[in-house]
Amino acid sequence: MAPTARPTVAQPLSPHLQIYRWTWTMAMSVFHRITGTALYCGTALVAIWLVSLASGPAAYSYVAWFFGSLIGRLILFAYTWVLMHHMLGGLRHLVWDTGVGFDREKRLSMARLTLVGSIALTIVIWAVALLVR
């Protein structure tokens, strides 16, 4: 007996980014993943700085010169923002783990505060660092 052909049925497609409307919480989720990845590069910078300290004054002078240059300071400023943004994103997720903040208004305000707070904290940290210097 020959197998009978099954009728072709249109299968539902899995939702994709082109279907969803871009939201604050989606953007902050993407930024949280990006900043988490960027922290690996920042950790390498900290390791380079520590190794230069352990290697003596000559090695440290090169690293201190680089981090004191305009490019070095921009990298450190960006690393500070990455660290603050990832920290606040982690705190947002910690709050969600308690079951709080899932209504629309709180989700939106927490996502916005993650971005605004990370920028504000970065500016405060650098202002204090420059004043102490």
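What counts, and at which threshold
- Residues numbered from 1 in each chain as written.
- Predicted model: local features only at pLDDT ≥ 70, side-chain atom pairs only at ≥ 80, totals over all residues.
- Heavy atoms only, no water.
- Axes fitted to C-alpha atoms, helices over the stretch in contact; angles between N-to-C directions.
- Helix = DSSP H or I, 4+ residues; strand = E, 2+ residues; numbered from the N terminus.
- Parallel < 35°, antiparallel > 145°, perpendicular 65-115°, else oblique.
- Contact = heavy atoms within 4.5 Å.
- Nonpolar A, V, L, I, M, F, W, Y, C, P; charged D, E, K, R; others polar.
- pLDDT = per-residue confidence, 0-100.
- Patch = residues over 30% accessible without salt bridge, like charges linked within 9 Å, V, L, I, M, F, W, Y side chains within 5 Å.
- Areas by Shrake-Rupley, 256 points an atom, 1.4 Å probe, with all protein chains shown as cover.
- Salt bridge = Lys/Arg side-chain N within 4 Å of Asp/Glu carboxyl O.
- Buried < 20%, exposed > 50% of the residue type's maximum accessible area, 1.4 Å probe, protein only.

**Examining the packing of helix α2 (residues 57–68) against helix α3 (residues 70–97)**
Running from N to C, α2 and α3 cross one another at 75 degrees; their axes reach a closest spacing of 4 Å. The pairing of α2 with α3 is recorded here as roughly perpendicular in orientation. Contacts between α2 and α3 pair F66, F67 and G68 from the former with L70, I71, G72, R73, I75 and L76 from the latter. Its residues assigned to classes, the contact of α2 with α3 comprises 6 nonpolar, 2 polar and 1 charged.

**Observations regarding the confidence of the model for the protein**
Taken over all residues, the pLDDT of the protein has a mean of 91, while the share at 70 or more is 90%. Confidence, expressed as mean pLDDT per element, reaches its minimum in the protein at helix α1 (residues 24–55) with 94 and its maximum at α2 with 97.

**Quick look at a nonpolar patch on the surface**
Among the surface-exposed residues, V46, W49, L50, L53 and Y60 lie close enough to one another that they form a single nonpolar patch of about 420 Å² accessible area. The greatest single-element share of the nonpolar patch, amounting to 4 residues, is contributed by α1. Residue V46 is classed as partly exposed on the basis of its relative accessible area of 37%.

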